[in-house]
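Chain by chain, the residues run as shown.
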2 protein chains.
Amino acid sequence: MPEFFNVLPPGEALALLLDLLPERPAAGVCVADTSQALGRVVAAEILATESLPPFPRSTMDGYSVRAADTYGASDGLPAWFTLVGEVPMGQGPDFELGICEAAVAYTGGMLAGNADAVVMVEHTQAIDAQTIEVMRPVAPGENVAQPGEDVSAGEPVLPAGHVIRPQDIGALLALGIQRVQVAERPRVGILSMGDEVVHPSATPGTGQVRDVNTYTVAGQVVSAGGTAVPLGLVGDDYEEQLVAARQGLAQSDMLVLSAGSSVSARDRTVDIVAELGEPGPLVHGLALRPGKPAIVGLCDGKPVIGLPGNPVSAMVVSSLLVRPTVYRLMGCAHPPPANEQTAVLTQDIPSAAGREDYVPVRLSESDDGTTIARPVWGKSGFIFTLVKADGLVRVPADAGGVYAGERVQVREL
Amino acid sequence: MPEFFNVLPPGEALALLLDLLPERPAAGVCVADTSQALGRVVAAEILATESLPPFPRSTMDGYSVRAADTYGASDGLPAWFTLVGEVPMGQGPDFELGICEAAVAYTGGMLAGNADAVVMVEHTQAIDAQTIEVMRPVAPGENVAQPGEDVSAGEPVLPAGHVIRPQDIGALLALGIQRVQVAERPRVGILSMGDEVVHPSATPGTGQVRDVNTYTVAGQVVSAGGTAVPLGLVGDDYEEQLVAARQGLAQSDMLVLSAGSSVSARDRTVDIVAELGEPGPLVHGLALRPGKPAIVGLCDGKPVIGLPGNPVSAMVVSSLLVRPTVYRLMGCAHPPPANEQTAVLTQDIPSAAGREDYVPVRLSESDDGTTIARPVWGKSGFIFTLVKADGLVRVPADAGGVYAGERVQVREL
């Protein structure tokens, strides 16, 4: 049984959870068309099925030659070559070269039968239709890409856990690999709790507000590659919450609980996580602002994250914990880092040592073209603070703040 | 008729094109469910339909009071208050406070009828079930979020051209805005040309290679929010290329031509762009490596980009030109910047002044936790160079290179 922690740094809390998760994709594996697999996670290592390029390819426009025939060629004493043909694009040569014979070669095309190098057209001069002067010697293999030089048959191409990018799609298709085994998208159930929360389609009554957290977290889940499963709303009744959480967890690979915003509501969420499965809560509280009252749990093999009800705190915690966990559930041990931009801070951001702070900032360009970051201050928990912001500046736990003029990393939520 | 340019810096070539495009979305406007609108581009400015919070909300757990009753309270001389009730979450108060009366208030909940501030529970002490001591004075409005303090009815929320993020979805739904007008996804036709290129499903014959550029560019188009329309392959016959390009442009909002890789094949692409519509080519050649032989054109109002056939050059040009153009076609004047990470370079990257260089690098973590970037050298045009790389380091045109130990920005393709 893992140890239970009160108030850990978010990175340690995350590591604690991820270390307890199996490496295999939580929702299983499926086959995707390579051309449609952008952002999917490779489920099993992919090896090259053949070598590329498949033939010696010219890397320049010019003439294929036997390199030995060019030795000693110079501007003052060029070597004379007889042009005996061309190798058209997409075709093989149907002839070989004799002594001091050359053939027209195109970038990406093949060389003449026994040619071993290509002279760039810039280093030649046409004398007549059959004759060229070569002004520079070439070494064997010069301006030629050898078979297997890009990739060799059997070589590992993409490891399991790799998130597929446009270049990976191109490379797999270059090998003729038209289908790939990828992790199924994990289903992330999201349950919003609290007597005051109503559905966005409702007109809130006195003291009520519309649900925000289900949808911000869903957006973060989807952008990480998961499937968001909104589980609806439940009030502050403990038994109803427990039933809804149990049902939600049963149909999901991971559960996110957005707690009510009062202290007592948050405390109840820990009890729910404890009842959902073993070992239950791993961490209660993060050395983080905003986002301290978060819960990290594991219930019968499925991650359960408890978010503070406050929409800003919920997004910060979700960005730090839910997003990497979704990647991990696809078998991705090293999730792509959150998108960041570098900017120069316009004013001091004070902070208490001992906890990480995330402060919303708005980016703009100064007169000299520098990207500058201006803090967006606002009462805790206003969602429009994040709408007005372009990202968050992190103040490390061991710093008393970050200061005007410092270069900071601004991370996307 | 715009002036024609030979060899511009990529940023200037892009600006030239974008300045000639209308601001309205090229493919029209449609209505999306807000909860499904992640990554879509707002088509018309969205105003707040109501004020948030809708009522004075407590930002703390504690007691709502009339602030005047707390004046002078201190640890040594606390003020005594009679507890007259609580305001439950999601409900309004059904009572008002008399002199030195208080009501239990929850974070996010309402205050008692005529209360104007909230005392944090930490600054109180319970004497008995009906009585509390208040140890600190509060000012009117303290620990209370006022109606409209997050957003006021009528206030602009998201401008036209904004790319919708998770927090925007949450904020719109908080206002009850369940549908949004967004730009239709622009259709980007992609035509790969060259006698040597075959479909990924084919077994290449002698001298042939499988098509890569259609799929890498498609991936970049899709990740920017566009719809990729693969137009298939056409050989090096000029008339066939022209017919295929015309048909492709007719069914698309933008056309990308991947030229054959020989110099003559590239030159023919300019002629095609000139025949497709007015004004035709705007720029032929970029001060860029790799990617010099690129073409930027506008044909009867639709952008046409000619890419070099070399897969690495094609991806670099597409990242610099196609991606921002796709955003612009959705009405987004300031596309989100390419994802970047900061890293320390491990070795010198020399470069010729006068052109921008983009060098593939692989990232790793050094012993002290620094992210380091190591160049991935390889013969020009190998797609697996980009598979092995985590991003590109840009060497500015006015620099002779970047040097080992420098902090560099590594951008995603």
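Up top is the structure these notes are about.
Model, not experiment: these values are computed from the prediction.

**Thoughts on the overall build of chain A**
For chain A, the count of helices and strands is seven helices and 29 strands. For chain A, the proportion of contacts with a sequence separation of at least 24, taken over those separated by at least 6, is 72%. Counting only carbon and sulfur atoms, one obtains 50% of the accessible surface of chain A, whose full area is about 16,300 Å².

**A closer look at unusual backbone geometry**
Residues Arg289(A) and Pro290(A) are joined by a peptide bond in cis, for which omega reads -5°. With respect to the helices and strands, Pro290(A) occurs in the loop between β20 (288-289) and β21 (295-299). Going from Glu278(B) to Pro279(B), the amide bond is cis rather than trans, its omega being -10°. Counting through the fold element by element, Pro279(B) comes out in strand β19 (residues 279-286). Phi at Cys100(B) takes a positive value of approximately 55°, unusual for a residue other than glycine. Along the chain, Cys100(B) falls in the loop between β6 (79-86) and β7 (101-105). Using a relative accessible area of 26% as the deciding quantity, one classes Cys100(B) as partly exposed.

**Let's talk about the interface of chain A and chain B**
Counting residues at the interface gives 78 residues for chain A and 78 residues for chain B. Taking both sides of the interface into account, the surface hidden between chain A and chain B amounts to around 6,000 Å²; carbon and sulfur atoms contribute 61%. Inspection of the region where chain A meets chain B yields two salt bridges. Going through the elements one at a time, β11 (144-145), β12 (156-158), α2 (166-174), β16 (209-210), α3 (213-224), β23 (340-345) and α7 (383-388) of chain A are the ones with two or more residues in the side of chain A that touches chain B. If you tally residues by element for the side of chain A that touches chain B, the top one is α2(A), at eight residues.

**Regarding the environment of Asp195(B)**
Relative to the elements of secondary structure, Asp195(B) occurs in the loop between β14 (187-193) and β15 (197-198). Under the relative-accessibility criterion, Asp195(B) is labelled partly exposed at 40%. The sequence separation of Asp195(B) and Gly207(B) amounts to twelve residues, and the corresponding C-alpha distance is 9.5 Å. When neighbours within four sequence positions are excluded, Asp195(B) is seen to be in contact with Met89(A), Gly90(A), Gln208(B), Gly235(B) and Asp236(B). Polar side-chain contacts of Asp195(B) include one of 2.8 Å to the backbone nitrogen of Asp236(B).

**Notes on the sheet that holds strand β9 (residues 124-128) of chain B**
Residue and element names in this part refer to chain B. The strand order β8-β5-β7-β6-β10-β9 describes an open sheet built from six strands, whose pairing is mixed. Only two strands of the sheet have a single neighbouring strand rather than two, namely β8 (117-120) and β9. Averaged over all pairs of adjacent strands, the angle between their axes in this sheet comes to 40°, without regard to strand direction.

**Topic: the relation of the copies chain A and chain B**
The two chain copies are related to each other by a rotation about an axis together with a translation along it. Superposing chain A onto chain B takes a rotation of 180° plus a shift of 0.0 Å along the axis, which leaves an RMSD of 0.0 Å. Both chain copies can therefore be described as sitting about a two-fold axis. Of the residues that chain A buries at the interface, 100% are likewise interface residues in chain B, meaning the two copies contact each other through the same surface.

**Re the pairing of strand β21 (residues 295-299) of chain B**
Residue and element names in this part refer to chain B. For β21, a buried count of five out of five residues is recorded, marking the element as mostly surrounded by other parts of the structure. Covered by surrounding structure in β21 are Ile295, Gly297 and Cys299 together with Val296 and Leu298, the residues of both alternating faces. With five bridges joining them, β19 and β21 adopt antiparallel strand pairing. Bridging across to β21, Pro279 finds its partner in Cys299. With five bridges connecting them, β21 and strand β22 (residues 302-307) associate as antiparallel partners. Bridge assignment links Ile295 to a residue of β22, and that residue is Gly306. As consecutive antiparallel partners, β21 and β22 are separated by two residues, and within that stretch Asp300 has a phi angle of approximately 50°, a positive value.

**Some details on the pairing of strand β27 (residues 391-395) of chain A**
Residues and elements named next belong to chain A. Burial runs high along β27: four of the five residues are buried. As defined by bridge partners, strand β25 (residues 356-365) adjoins β27 across five bridges and the pair is classed as antiparallel. Along β27, the bridge assignment pairs Asp357 with Val395. In the sheet, β27 pairs with strand β29 (residues 407-411) via two bridges, with the strands oriented antiparallel. Residue pairing in the sheet places Leu392 in a bridge with Arg411 of β29.

**Some points on the sheet that holds strand β10 (residues 131-134) of chain A**
Residue and element names in this part refer to chain A. In space, the six strands of this open sheet follow the order β8-β5-β7-β6-β10-β9, with mixed pairing throughout. Either end of the sheet is taken by a strand with one partner, and the two such strands are β8 (117-120) and β9 (124-128). For this sheet, the mean angle separating the axes of adjacent strands, direction not counted, is 40°.

**Points about the pattern of salt bridges**
All names here are of chain A. Summed over the entire model, instances satisfying the criterion amount to 14 salt bridges over all chains. Between Glu275 and Arg246 there is a salt bridge, with the nearest N and O atoms lying 3.9 Å from each other. Taken together, the positions of Glu275 in helix α5 (residues 263-276) and Arg246 in helix α4 (residues 238-250) put the pair 29 residues apart, joining distant regions of the chain.

**Side note on the side chain of Thr34(A)**
All names here are of chain A. Mapped onto the secondary structure, Thr34 falls in the loop between β2 (29-33) and β3 (46-47). Taking relative accessible area as the criterion, Thr34 reaches 1% and is therefore assigned buried. At a separation of 2.9 Å, a polar atom in the side chain of Thr34 contacts the main-chain carbonyl oxygen of Ile177. If sequence neighbours within four positions are ignored, Thr34 has contacts with Ile169, Leu172, Leu173, Ile177, Gln178, Arg179 and Val180.

**Points about the state of the cysteines**
Residue and element names in this part refer to chain B. A complete count under the given rule lists zero disulfides over all chains for this structure. Not part of a disulfide, Cys332 finds its nearest cysteine sulfur in Cys30, a span of 16 Å. Note on Cys332: relative accessible area 1%, which makes it buried.

**Remarks on helix α5 (residues 263-276) of chain B**
Residues lying three or four places apart along an α-helix face the same way, a consequence of the helix completing one turn every 3.6 residues. All names here are of chain B. An ideal rise of 1.5 Å per residue puts 20 Å on 14 residues; α5 measures up with 21 Å between its terminal C-alpha atoms. When α5 is considered as a whole, its buried residues turn out to be Ala265, Arg268, Thr269, Val270, Ile272, Val273 and Leu276. On its buried face, α5 sits against β14, α4 (238-250), β18 (254-258), β19, β21 and β22.

**With respect to helix α3 (residues 213-224) of chain B**
Residues and elements named next belong to chain B. Taking 1.5 Å of rise per residue, twelve residues should cover 16 Å, and α3 covers 17 Å from first to last C-alpha, within 8% of that figure. α3 sits mainly inside the fold: ten of its twelve residues count as buried. Residues Asn213, Thr214, Tyr215, Thr216, Val217, Ala218, Gly219, Gln220, Val221 and Ala224 constitute the buried set of α3. Once α3 ends, the next one or two residues include Gly225, with phi positive near 105°.

**As for the environment of Met330(B)**
All names here are of chain B. Its place among the elements puts Met330 in the loop between α6 (311-329) and β23 (340-345). What makes Met330 buried here is its relative accessible area of 3%. On a C-alpha basis, the gap between Met330 and Val212 in space is 26 Å, while along the polypeptide they are 118 residues apart. Not counting residues within four places of it along the chain, the set of residues in contact with Met330 comprises Pro25, Val41, Ala183, Glu184, Pro186, Ala224 and Gly225.

Thresholds applied
- In this convention, every chain numbers its residues from 1, walking through the sequence in written order.
- Chains and ligands are labelled sequentially in the order written, the chains with letters from A and the ligands with numbers from 1.
- Two thresholds apply to this predicted model, a pLDDT of at least 70 for residue-level local features and 80 or more for giving and counting side-chain atom pairs, whereas whole-chain, interface and lining totals are computed over all residues.
- Side-chain descriptors were evaluated using all non-hydrogen atoms of the structure, hydrogens and water having been removed beforehand.
- The helix count covers DSSP runs of H or I at least four residues long, the strand count covers runs of E at least two residues long, and both are numbered beginning at the N terminus.
- Whether two residues are in contact is decided by their heavy atoms: any pair within 4.5 Å suffices.
- Methods summary: accessible areas were calculated by the Shrake-Rupley approach with a probe of 1.4 Å, and residue burial reflects only the protein chains presented.
- Under the scheme applied here, a residue whose accessible area is under 20% of the maximum for its type counts as buried, over 50% as exposed, and between as partly exposed, the area being computed with a 1.4 Å probe on protein chains only.
- Throughout, buried area stands for the accessible area (probe radius 1.4 Å) lost by two parts on being put together, summed over both.
- A pair is scored as a salt bridge if a Lys or Arg side-chain nitrogen falls within 4 Å of a carboxyl oxygen belonging to Asp or Glu.
- As used in this structure description, the phrase polar contact means that two N or O atoms lie within 3.5 Å; if the pair is within protein, one of them must be able to donate a hydrogen and the other to accept it, and residues adjacent in sequence are counted only when both atoms belong to side chains.
- Note on pairing: DSSP must find at least two bridges between two strands before they are called paired.
- Angles run from 0 to 180 degrees between N-to-C directions of axes, and those axes are lines fitted to C-alpha atoms, restricted for helices to the stretch in contact.
- Copy-to-copy superposition: least squares on the C-alpha atoms, limited to residues that have pLDDT of at least 70 in both copies.
- Whenever a pair of cysteine sulfur atoms sits within 2.5 Å, that pair is classed as a disulfide.
- By this rule, a helix spans an expected 1.5 Å times one less than how many residues it contains.

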